[in-house]
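Read off the chains here:
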Amino acid sequence: MAEEGKQKAGGVPEGWREVPIDAVAKRGSGHTPNKGNPDYWNGGIKWVSLADSSKLDNRYITETDKEISLLGIKNSSAVLLTKGTVVLSRDAGVGKSAILAEEMAVSQHFMTWTADEKNTHNIFLYYWLQNKKPEFEAIATGSTIKTIGLPYFKKLNILLPPLPEQRKIAAILSTWDDSLATLTDLIAAKRQQKRGLAEALLTGQKRLPGFEGEWEETRFSSVMQESRISAPDELGKRLTVSLHLKGVSVREERDSSEAGKTIYYRRKTGQFIYGKQNIFRGSLGLVPQELDGYLSSQDLPAFDIAPEYDPAFVFAFFARPKFYEELEKIATGTGSKRVHPEAIYRLSHPLPPLPEQQAIASVLSTLDSEIASLESLKAKVQEQKRGLMDELLTGRVRVKVDE
């Protein structure tokens, strides 16, 4: 149960205390052994580095990109940290925190805290640091990679409730994270299901009920034709196509040096569009209705789809990783190679008649809707957890602790 917290003078909740974090947890910073000495590496001791930044999105770090050796630790300032140590990135991914799931070492880009179990619960400490992430991001400085200097952490204070209350808060927030982990796994499983089904349906390995007969070998020159409706550059009206199938969106930044030098073309709802330099990295999509009339240069060609073909089917066909990754083989040019429309036109594949295309696109669209619903639910849970975390960790809302 929770209740509104009473505040003492100075904003400290009743029964809580504000103390230097160094007084209740042993602070340290990581180190990188000599990279030129092979004896210091691949020795079975997991070593957290900047390459593991994405892993700090989870509560616990279980795997790392690199390993060091005991010899590497003995001959450097690196320290073997105990299971349960809390780590925080002070460089790339600044402010991200996580808990070591086993003994590990970390690079110099991380701060570490080993909780004093008489005063501090390590999972409470993890959540407290996580809640401070906006502040950590705000104070980080640097032109390329932003970082937080070591002196800041020497003066860092923590707002600490009694240990039983710390445990209760940690248990509550852990339950929310467990729910988020379940949603994450469910979304990943649904995405995997869609990928497998899309590959089978779009290549004819699996047929939907009511459809039979051979598919016709088809050149893409008969499926799609590039649209070139020239238009003047309009500020704030340009498109971009993100990598990894992240979709078509507004390109917000405008390089004034390009003005008058680049020819732009008006794009229409439902056109297939891709990035010449990055189609084999998933830079492709359909122009959404809300971006009808927006512009792109010839580096982002857009195509009208012939009436005998369904645009959603065509997009789904191209959006298979097994297909678009292979398009790098037909890229040409020096430096940054490009996949030109003429190369797309020469491709030939068996395609079904329009009714089967529409049925396939409908099945895949249903799966996309299910994934989108799960992602929306996850976003809501994350937002609710953030609000609850801030209330609990500041003492504005108190939890009832059993005697």
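Residues numbered from 1 in each chain as written. Predicted model: local features only at pLDDT ≥ 70, side-chain atom pairs only at ≥ 80, totals over all residues. Heavy atoms only, no water.

*Asks:* Mind showing me how you'd approach the overall build of the protein here?
*Replies:* From N to C terminus, the protein includes nine helices and 23 strands. Taking 403 residues into account, the globule formula puts the C-alpha radius of gyration at 22 Å, and the protein, at 27 Å, lies well above it. Dimensions along the principal axes, computed over C-alpha positions, put the protein at roughly 75 × 55 × 45 Å. Relative to its full complement of 403 residues, the protein shows a buried share of 42%. By sequence separation, contacts in the protein at least 24 residues apart represent 76% of the contacts at least 6 residues apart. In the structure as shown, the protein presents an accessible area of about 21100 Å², 50% of it carried by carbon and sulfur atoms. Side-chain charges of the protein comprise 54 positive and 53 negative groups, with the mean position of each set lying 4 Å from the other. (Helix = DSSP H or I, 4+ residues; strand = E, 2+ residues; numbered from the N terminus. Rg over C-alpha atoms; globule rule 2.2 N^0.38 Å. Buried < 20%, exposed > 50% of the residue type's maximum accessible area, 1.4 Å probe, protein only. Contact = heavy atoms within 4.5 Å. Areas by Shrake-Rupley, 256 points an atom, 1.4 Å probe, with all protein chains shown as cover. Lys, Arg positive; Asp, Glu negative; His and termini not counted. Charge placed at Lys NZ, Arg CZ, Asp CG, Glu CD.)

*Asks:* Help me out: how do you make sense of the packing of helix α2 (residues 122–131) against helix α9 (residues 354–394) in this one?
*Replies:* When two helices pack together, their arrangement is captured by the angle between the axes and the distance separating the axes. At a closest axis distance of 10 Å, the pairing of α2 and α9 adopts a crossing angle of 110°. In this view, α2 runs roughly perpendicular relative to α9, as classed from their interaxial angle. The handedness of the crossing between α2 and α9 is left-handed. Between α2 and α9, the residues in contact are Phe-124, Tyr-127, Trp-128, Gln-130 and Asn-131 and Lys-385, Met-389, Asp-390 and Leu-393, respectively. A class-by-class count of the residues in the contact of α2 with α9 yields five nonpolar, two polar and two charged. (Axes fitted to C-alpha atoms, helices over the stretch in contact; angles between N-to-C directions. Parallel < 35°, antiparallel > 145°, perpendicular 65-115°, else oblique. Left-handed = near helix turned anticlockwise from the far one by under 90°. Nonpolar A, V, L, I, M, F, W, Y, C, P; charged D, E, K, R; others polar.)

*Asks:* Looking at this structure, how should I read the environment of Ile-148?
*Replies:* In this structure, Ile-148 sits in the loop between α3 (133–139) and α4 (150–154). Overall, the relative accessible area of 2% leaves Ile-148 in the buried class. Considered as a pair, Ile-148 and Glu-214 are 66 residues apart in the sequence and their alpha carbons are 63 Å apart. Those residues in contact with Ile-148 that lie beyond four places of it in its chain are Arg-90, Val-94, Phe-136, Ile-139, Ala-140 and Phe-153.

*Asks:* So what exactly am I meant to see when it comes to the sheet that holds strand β6 (residues 66–68) here?
*Replies:* Strand pairing within a sheet occurs via backbone hydrogen bonds; the two strands may be parallel or antiparallel. A sheet is described by the order of its strands in space; here three strands give the open sequence β6-β4-β9, paired in mixed fashion. The open sheet terminates on both sides in strands that have one partner only, identified here as β6 and β9 (105–106). Strand direction decides the pairing type here: strand β4 (residues 41–48) and β6, joined by four bridges, are antiparallel. When the bridges of β6 are listed, Trp-47 appears paired with Lys-66. (Pairing = 2+ DSSP bridges.)

*Asks:* So what exactly am I meant to see when it comes to the nonpolar core here?
*Replies:* Generally speaking, soluble globular proteins have nonpolar side chains that are buried together. Membership of the largest hydrophobic core comes to 35 residues, with the highest contact counts inside it found for Trp-113, Leu-125, Trp-128, Leu-129, Ile-158 and Ile-169. Listed by contribution, the elements that provide at least two residues to this core are β7 (86–89), β10 (110–115), α2, β11 (157–160), α5 (163–202), α9 and β23 (397–399). Those residues in contact with Ile-169 that lie beyond four places of it in its chain are Trp-16, Phe-124, Pro-161, Leu-392, Leu-393 and Val-399. Of all hydrophobic cores here, the second largest spans 34 residues; its members include Ala-306, Tyr-309, Phe-317 and Leu-364. (Core = buried A, V, L, I, M, F, W, Y, C linked by side-chain atoms within 4.5 Å.)

*Asks:* So what exactly am I meant to see when it comes to the pattern of salt bridges here?
*Replies:* It is possible for side chains of opposite charge to pair when their charged atoms get near one another. Tallying each qualifying case throughout the model produces 23 salt bridges. The closest approach of N and O atoms between Arg-191 and Glu-375, which form a salt bridge, is 2.3 Å. Taken as a pair, Arg-191 in helix α5 and Glu-375 in helix α9 lie far apart in primary sequence, 184 residues in all. Under the relative-accessibility criterion, Arg-191 is labelled partly exposed at 36%. Residue Glu-375 is classed as partly exposed on the basis of its relative accessible area of 33%. Across the pair Lys-194 and Asp-368 runs a salt bridge, and its minimum N-O distance is 3.0 Å. Linking Lys-194 in helix α5 with Asp-368 in helix α9, this pair joins segments that are 174 residues apart in sequence. Its relative accessible area of 23% is what places Lys-194 among the partly exposed residues. Residue Asp-368 is classed as partly exposed on the basis of its relative accessible area of 36%. Each of the salt bridges in this network shares a partner with another, and the network as a whole consists of Arg-59, Asp-177, Asp-178 and Lys-385. (Salt bridge = Lys/Arg side-chain N within 4 Å of Asp/Glu carboxyl O.)

*Asks:* What exactly am I supposed to notice about the side chain of Arg-320 here?
*Replies:* With respect to the secondary-structure elements, Arg-320 resides in the loop between α6 (311–318) and α7 (321–324). A relative accessible area of 8% means that Arg-320 is categorised as buried. Engagement of the side chain of Arg-320 in a polar contact is seen with the backbone oxygen of Phe-317, the distance being 3.1 Å. Apart from residues no more than four positions distant in its own chain, Arg-320 is found in contact with Ala-198, Glu-199, Leu-202 and Thr-203. (Polar contact = N/O pair within 3.5 Å; in protein donor to acceptor, adjacent residues only side chain to side chain.)

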